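Listed below are the residues making up each chain.
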Amino acid sequence: MASSPKAHPDEVHLCVGAVRYEKDGVAHKGVCSTFLADRLEVGAPTGVFVHTAKHFRVPADASKPMIMVGPGTGIAPFRAFLEEREATGAPGKNWLFFGDQKESTDFLYRSQIQDWHKSGFLTRLDLAFSRDQVEKIYVQTRMLENAAELWRWLEEGAHFYVCGDASRMAKDVDAALHTIIQQQGGKSADEAAAYVADLKKTKRYARDVY
């Protein structure tokens, strides 16, 4: 889900990546994604199952900063978060890490995100398009490049969110977070783990991964 009801009453916007690939000469398609992309006619009704992630919400204190890490379709809830904060006039700072393979084809919600950044509402925007240069660059690369600033935000009470691929991205982002806390906070590995555990306990570190 990629929209806030405060910005779009009576609407729900979905961010869907159509699954299409070939294996052993046979074309494969994702059942749900290509149904929505190719077969469901505009204006036609369809059924949905709503799964609620009660732990994945904007900070209750609107003055708190948000750090959002959402490559690919993981951008969906963060577009909704930003629309929510914009609609409610939340004063907290907002930082988005977004990436995919190629900027020319994979920069989802480009215009809206760039407008938010130009206006200053999106305080910081760090992009990582892995296939646009020889060296692979990922969101966790950008996190480590901006370690000192990210640590300052955490110490200011920032909430840290991750959405997207569970198998690799979320693990790599978590490892980068631990590294940043160790290096910038002058902590041991155990102390960094305790810091992250406290972020989770106080609901300042939330993940929606799949």
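Scroll up to find the structure this text is about.
Criteria and cut-off values
- Residues numbered from 1 in each chain as written.
- Predicted model: local features only at pLDDT ≥ 70, side-chain atom pairs only at ≥ 80, totals over all residues.
- Heavy atoms only, no water.
- Helix = DSSP H or I, 4+ residues; strand = E, 2+ residues; numbered from the N terminus.
- Rg over C-alpha atoms; globule rule 2.2 N^0.38 Å.
- Contact = heavy atoms within 4.5 Å.
- Core = buried A, V, L, I, M, F, W, Y, C linked by side-chain atoms within 4.5 Å.
- Buried < 20%, exposed > 50% of the residue type's maximum accessible area, 1.4 Å probe, protein only.
- Phe/Tyr/Trp six-rings, centres within 6.5 Å; stacked < 30°, edge-to-face > 60°.
- Pairing = 2+ DSSP bridges.
- Patch = residues over 30% accessible without salt bridge, like charges linked within 9 Å, V, L, I, M, F, W, Y side chains within 5 Å.
- Areas by Shrake-Rupley, 256 points an atom, 1.4 Å probe, with all protein chains shown as cover.
- Salt bridge = Lys/Arg side-chain N within 4 Å of Asp/Glu carboxyl O.
- Lys, Arg positive; Asp, Glu negative; His and termini not counted.
- Charge placed at Lys NZ, Arg CZ, Asp CG, Glu CD.
- Disulfide = S-S within 2.5 Å.
- Polar contact = N/O pair within 3.5 Å; in protein donor to acceptor, adjacent residues only side chain to side chain.

Engineer: I'd like a description of the overall build of the protein, backed by residues and values.
Structural biologist: In terms of regular secondary structure, the protein is built from eight helices and seven strands. What you see for the protein is a C-alpha radius of gyration of 18 Å, in line with the 17 Å of a compact globule of 210 residues. Dimensions of the protein, computed from C-alpha atoms along their principal axes, come out at roughly 55 × 45 × 30 Å. Across the protein, the fraction of contacts at a sequence separation of at least 24, relative to all contacts at a separation of at least 6, is 68%.

Engineer: Explain the nonpolar core to me, and be specific about the residues and the numbers.
Structural biologist: Grouped together as the largest cluster of nonpolar side chains are 28 residues, with contacts concentrated most on Ile 67, Met 143, Leu 150, Leu 154, Phe 160 and Leu 177. Of all elements in the fold, only strand E3 (66-69), strand E4 (94-100), helix H5 (139-145), helix H6 (147-155), strand E6 (159-164), helix H7 (169-185) and helix H8 (189-201) reach the threshold of two or more residues within this core. Ranked by residue count, the leading element in this core is H7, at seven residues. Non-local contacts of Phe 160, meaning those with residues more than four positions away in its chain, are made with Ile 67, Val 69, Met 143, Leu 154, Val 173, Leu 177, Arg 204, Tyr 205 and Ala 206. Among the nonpolar cores identified, the runner-up in size contains 23 residues, and Leu 82, Phe 107, Leu 122 and Ala 206 belong to it.

Engineer: Now, about the packing of aromatic side chains: what can you tell me, with residues and values included?
Structural biologist: Tallying each qualifying case throughout the model produces 14 aromatic pairs. Their ring planes at 40° and their centres at 5.5 Å tell us that Phe 56 and Phe 81 sit as a pair that is tilted. Here Phe 56 is found in the loop between helix H1 (31-39) and E3, whereas its partner Phe 81 is found in helix H2 (residues 76-88), with 25 residues between them in sequence. The pair Phe 56 / Phe 81 is uniform in exposure class, with both members buried. Every member of this aromatic cluster is reached through a ring pair, and the members are Phe 56, Phe 78, Phe 81 and Tyr 161.

Engineer: Can you explain the pairing of E6? Please cite residues and give values.
Structural biologist: The buried fraction of E6 is high, at six of six residues. Neither face of E6 is exposed, since His 159, Tyr 161 and Cys 163 on one face and Phe 160, Val 162 and Gly 164 on the opposite face are all buried. Here E3 pairs with E6 via four bridges, running parallel. Counted as the bridge partner of Ile 67 is Phe 160 from E6. Of the pairings in the sheet, the one linking E6 to strand E7 (residues 205-209) comprises five bridges and is parallel in character. Directly across from Gly 164, in E7, lies its bridge partner Val 209.

Engineer: So what's going on with a positive patch on the surface? Which residues, and what values?
Structural biologist: A grouping of Lys 102, Arg 131, Lys 136 and Arg 168 is seen on the molecular surface, where their side chains present a positively charged patch. Of note, Lys 102 is situated in the loop between E4 and helix H3 (103-106). By relative accessible area, which is 37% here, Lys 102 ends up partly exposed.

Engineer: Quick rundown of a nonpolar patch on the surface? Include the residues and the values.
Structural biologist: A cluster of nonpolar residues, Met 1, Val 12, Leu 14 and Val 16, forms a patch on the protein surface that exposes about 390 Å² of accessible area. With respect to the secondary-structure elements, Val 12 resides in the segment before strand E1 (20-23).

Engineer: Before we move on, can you summarise the environment of Leu 36 with the specific residues and values?
Structural biologist: With respect to the helices and strands, Leu 36 occurs in helix H1. According to the relative accessible area criterion, Leu 36 is partly exposed, its value standing at 29%.

Engineer: Outline the state of the cysteines, listing residues and values.
Structural biologist: This model, assessed by the stated rule, comprises zero disulfides. There is no disulfide at Cys 15, and the cysteine sulfur nearest it, in Cys 163, is 9.3 Å away. Overall, Cys 15 belongs to the buried group, its relative accessible area being 18%.

Engineer: So, the side chain of Arg 79: which residues are in play, and what are the values?
Structural biologist: Within the secondary structure, Arg 79 sits in helix H2. Look at Arg 79 and you get buried, because its relative accessible area is 10%. Within polar-contact distance, the side chain of Arg 79 engages the side chain of His 13 at 3.1 Å. Residues contacting Arg 79, with those up to four places away along its chain left out, are Ala 2, Ser 3, His 8, His 13, Tyr 109, Gln 112 and Trp 116.

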